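Structural features, examined
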Amino acid sequence: MLRFPRISLIAALLMASGLVHADIKVGIIASSTGPTAVVGIPQKNTAALLPTEIAGQKVEYIVLDDASDPTNAVTGVKKLIGEQKVDALIGPTTTPAALAMLDFVAESKTPLLTTVGSSAVVLPMDERKKWVFKTTQNDDLIAEAVLAHMTANGVKTLGFIGFNDPYGENWYKVFGGMADKAGIQIIANERFNRTDQSVTGQVLKVMSAKPDAVFIAATGGPAVLPQAGLQEKGYKGRIYQTHGVATNDFIRLGGKTVEGTLMAGGPLLAADDLAAANPIKAVAQGYIRLYEGKHGAGSMSTFGANTWDAGLLLQKAIPEALKKAKPGTPEFRAALRDALERSKEVVGAQGVFNMTAQNHNGMDARARVMMTVKGGKWVLLKE
């Protein structure tokens with residue numbers, strides 16, 4: 001007769017009953033295909049670089065592709081929560097997908113570290129959003145730097161071209177109010193869809209208003225389209241983009257049409273130019289070496305860095321949560337959420353995080369620099 005050690009049999013029974021969770025499970029949703037793949041691919045690639053052990057506990061990452069479709073993102077998150085019983089979530093790639101996931105995240109009480117741009121996923125804070133944390137700069141933090149640059153350079157009138165979805169809407173709402181206070185008037189407001197192949201009509205309408213500058217609120221590859229249209233039609237004013245284009249792929253896709261682009265974004269793209277005393281520099285350079293060691297020189301992206309920073313926050317929070325509960329339980333997820341909310345001076349590749357009950361982003365002015373495209377690369381703006 002075969003005999004099994006009593007402790008092994010007990011452990012097997014406990015695991016079968018769901019009382020013991022072998023590993024910490026983290027679900028990741030990224031748009032590695034579809035229109036937003038330029039953003040999602042580095043997020044997927046970064047997932048493979050995250051640590052597989054934290055505080056002596058194995059960590060398993062389950063990565064799903066939503067194909068840039070919010071409906072797919074919801075299907076994915078339901079699978080990760082219901083079937084995989086994940087302890088935490090990272091992603092998705094787009095704001096519409098993140099907003100569509102909020103109810104499911106809140107109902108299951110699973111911490112979500114989202115990598116999208118819009119502050120609408122964490123503000124205003126409520127019962128749904130208390131489970132959501134954000135590793136990209138909030139719109140107002142970026143807008144503040146952009147408007148300061150516009151004001152310093154005599155911009156009085158502005159044309160706005162944004163996505164016809166929550167990303168564009170939230171940017172118009174945030175930026176419009178701040179621009180008005182800064183004495184800058186938005187005299188043209190046009191929208192386009194992420195899948196559009198032409199924005200000629202919108203470009204011509206904006207140009208007919210003759211604004212001093214144009215602000216484009218879009219992300220990834222689609223953000224190139226209105227800028228290329230403006231250049232082709234001979235627009236001579238300044239063109240600003242959001243941190244949704246903070247990637248070398250934006251330059252690769254846009255080529256000469258995006259030369260001179262102005263953007264406030266995370267310091268990762270200009271990591272080598274940061275002051276030696278800047279704590280972000282070493283973390284950013286470390287991530288770049290790791291990522292480009294796998295995917296080649298120039299392949300790093302701030303979007304991947306947002307996933308990396310989500311991993312760093314989890315590395316700080318998981319040991320605290322493990323003191324209170326076992327992975328795979330509601331108590332562990334709640335303890336993890338609470339630990340994330342207490343994150344203080346966590347230095348990432350994109351900024352420094354100081355979370356509070358009302359601020360689940362926690363980034364400050366250290367998380368942004370003004371940049372421009374010069375000679376086919378992002379460089380710190382000296383003016």
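Thresholds, definitions, all that
- Residues numbered from 1 in each chain as written.
- Predicted model: local features only at pLDDT ≥ 70, side-chain atom pairs only at ≥ 80, totals over all residues.
- Heavy atoms only, no water.
- Salt bridge = Lys/Arg side-chain N within 4 Å of Asp/Glu carboxyl O.
- Helix = DSSP H or I, 4+ residues; strand = E, 2+ residues; numbered from the N terminus.
- Buried < 20%, exposed > 50% of the residue type's maximum accessible area, 1.4 Å probe, protein only.
- Expected span 1.5 Å × (residues − 1).
- Contact = heavy atoms within 4.5 Å.
- Arc of directions from axis to C-beta.
- Polar contact = N/O pair within 3.5 Å; in protein donor to acceptor, adjacent residues only side chain to side chain.
- Lys, Arg positive; Asp, Glu negative; His and termini not counted.
- pLDDT = per-residue confidence, 0-100.
- Core = buried A, V, L, I, M, F, W, Y, C linked by side-chain atoms within 4.5 Å.

Attention now moves to the pattern of salt bridges. Following the criterion strictly, the structure yields 11 salt bridges and no others. Its salt-bridge partner being D103, residue R128 comes within 3.1 Å of it at the nearest N-O pair. Of this pair, R128 sits in the loop between β5 (112–114) and β6 (132–134) while D103 sits in helix α4 (residues 95–108), and the two are 25 residues apart along the sequence. Its salt-bridge partner being D338, residue R337 comes within 2.9 Å of it at the nearest N-O pair. Note on R337: relative accessible area 7%, which makes it buried. According to the relative accessible area criterion, D338 is partly exposed, its value standing at 30%. Here the salt bridges do not stand alone but share partners, grouping R337, D338 and E341 into one network.

Here we come to helix α6 (residues 166–181). Here α6 is 16 residues long and its end C-alpha atoms lie 23 Å apart, about the 22 Å a rise of 1.5 Å per residue gives. When α6 is considered as a whole, its buried residues turn out to be Y167, G168, N170, W171, V174, F175, G176 and A179. Along its buried surface, α6 packs onto α4, α5 (139–152), β7 (157–163), β8 (185–192) and β9 (213–217). Two residues or fewer past α6, G183 is found with a positive phi of approximately 80 degrees.

Another aspect to go through is helix α10 (residues 279–295). Taking 1.5 Å as the rise per residue, α10 with 17 residues should run 24 Å; its terminal C-alpha atoms sit 25 Å apart, in good agreement. For α10, the full list of buried residues reads I280, K281, A284, Y287, I288 and Y291. Relative to the axis of α10, the buried residues are bounded by an arc of 140 degrees and lie together on one face. Looking at α10, the residues exposed on the side facing more than 90 degrees away from the buried face are A282, R289, G293 and K294. Taken together, the buried residues of α10 touch α2 (37–47), α11 (302–322), β12 (346–347) and β13 (352–353). For α10, the N-terminal cap is N278; the gap from its side-chain oxygen to the backbone nitrogen of I280 is 3.0 Å.

This part is about the side chain of K281. Mapping K281 onto the fold places it in helix α10. Of the buried charged residues, K281 lacks a salt bridge, with D272 as the closest side chain of opposite charge at 6.1 Å. The contacts of K281, once residues within four sequence positions are left out, are A271, D272, L274, A275 and A276.

A separate point is the confidence of the model for the protein chain. Taken over all residues, the pLDDT of the protein chain has a mean of 93, while the share at 70 or more is 94%. This model gives residues 1–21 a pLDDT under 50, and the stretch forms 9 contacts once residues within four places in sequence are excluded.

Moving on, we get to unusual backbone geometry. With an omega of -10 degrees, the peptide bond between G91 and P92 qualifies as cis. The linkage connecting L123 with the following residue, P124, adopts the cis geometry, with an omega of -10 degrees. The residue P124 is located in the loop between β5 and β6 in this model. One non-glycine residue, S68, lies in positive phi territory at about 65 degrees. Residue position: S68 is located in the loop between β3 (57–65) and α3 (70–82).

Glancing now at the nonpolar core. In terms of nonpolar packing, the biggest core is built from 96 residues, with M150, W171, F175, F215, L336 and W378 touching the most fellow members. One finds L80, V105, V116 and V122 within the second-largest nonpolar core, a separate group that totals 19 residues.

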